[in-house]
Amino acid sequence: MSVKIAPSILSADFTRLGEQVQEAIAAGAEYIHVDVMDGHFVPNMTVGPLIVRAIKPLTQKAGVSLSAHLMIEKPELMIPEFAESGADGVTVHVETCPNLHLTIQQIKSLGMQAGVTLNPSTSLDALTEILPFVDLVLVMTVNPGFGGQKYIPTMTDKIRRLRRMLDERQLSHIEIEVDGGISPENAAEVVEAGATILVAGSSVFNKHQRVADNISALRSAALRKS
Ligand code: DX5
Ligand code: ZN
């Protein structure tokens, strides 16, 4: 599977959000990642369907996938609104979904890609029953809530074990997305372990370099054989 880049707008300059999204799209980003936080499940509040709706014309024109990472309690109440706002994919946390199978079915029935995600301390065992029903598994490589945190090194082995689990169950078509602290320094490591989509916030949107340069640094690092 080829490696795809998913810039997280969490670190973008919100005074010129459209421009920043367009820079990422022009640089070849395959996804735009929107981090939705409610101040309950995680200790931070961010954006919601309004921003998804605002960005949608830009991603749609370019054929880029717009995904919402829901770090919110009771995501099932908000999923229809994300669908209406134009999200192409929605990812929910297993920690917030007592009826996970139902929630995944809800996402799919609204025509979106269904993703499931795990906090760093949640075991891969939580995925056993749901794997056949999802399009994507997101492995959180930091504790959710904030951009700019450090990658948790033990997550590399978790990614590797998930890859093995998918291969053993003939579910290799499922994407493995990684999110948190991803940079050119560890991109090769996570890809070698089995990641196929790299979410990157602060290593894409920052004051040091242009978005295009950051994305190409990430992509070439990811493709480098480790
Ligand atoms: C963290 C979010 C991430 C975050 C990543 O809760 O889910 O998507 O934006 O930011 P960086 O790449 O800076 O760790
Ligand atoms: Zn995220």
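For the structure, see preceding data.
It should be emphasised that the depicted structure is a prediction, and the values quoted were computed from it without experimental measurement.

1. Some details on the pairing of strand β6 (residues 136-140)
The buried fraction of β6 amounts to five of the five residues, a majority that puts the element mostly inside the structure. Of the two faces of β6, the one carrying Leu136, Leu138 and Met140 and the one carrying Val137 and Val139 are both buried. Two strands pair when backbone bridges link them, and strand β5 (residues 113-118) and β6 are joined in this way by four bridges, in the parallel orientation. Paired with leucine 118 across the strands is valine 139, a residue of β6. Of the strand pairs in this sheet, β6 and strand β7 (residues 175-179) are connected by five bridges, and their pairing is parallel. By the bridge assignment, methionine 140 is partnered in β7 with aspartate 179. Remark: the β6/helix α5 (residues 155-168)/β7 crossover connection has right-handed handedness.

2. Things to note about the site of ligand 1
Taken together, 20 residues lie around ligand 1, and Asp35, Gly148, Asp179, Gly201 and Ser202 are the ones closest in. Contact between ligand 1 and aspartate 179: an oxygen atom at 2.7 Å from a side-chain N or O atom of the residue. Backbone polar atom of glycine 201 to an oxygen atom of ligand 1: 2.7 Å apart, as the coordinates give it. Within the complex, 100% of the 380 Å² of free accessible area of ligand 1 lies under protein. Sorting the residues of the shell around ligand 1 by element identifies β2 (31-37), β3 (65-71) and β8 (197-200) as the ones contributing at least two each. The biggest single contributor to the shell around ligand 1 is β2, with three residues. Class assignment of the residues belonging to the shell around ligand 1 gives a composition of eight nonpolar, ten polar and two charged.

Conventions and cut-offs
- Residues numbered from 1 in each chain as written.
- Chains lettered and ligands numbered in written order.
- Predicted model: local features only at pLDDT ≥ 70, side-chain atom pairs only at ≥ 80, totals over all residues.
- Heavy atoms only, no water.
- Buried < 20%, exposed > 50% of the residue type's maximum accessible area, 1.4 Å probe, protein only.
- Helix = DSSP H or I, 4+ residues; strand = E, 2+ residues; numbered from the N terminus.
- Pairing = 2+ DSSP bridges.
- Right-handed = clockwise from strand over helix to strand, strands pointing away.
- Near = heavy atom within 4 Å.
- Polar contact = N/O pair within 3.5 Å; in protein donor to acceptor, adjacent residues only side chain to side chain.
- Areas by Shrake-Rupley, 256 points an atom, 1.4 Å probe, with all protein chains shown as cover.
- Nonpolar A, V, L, I, M, F, W, Y, C, P; charged D, E, K, R; others polar.

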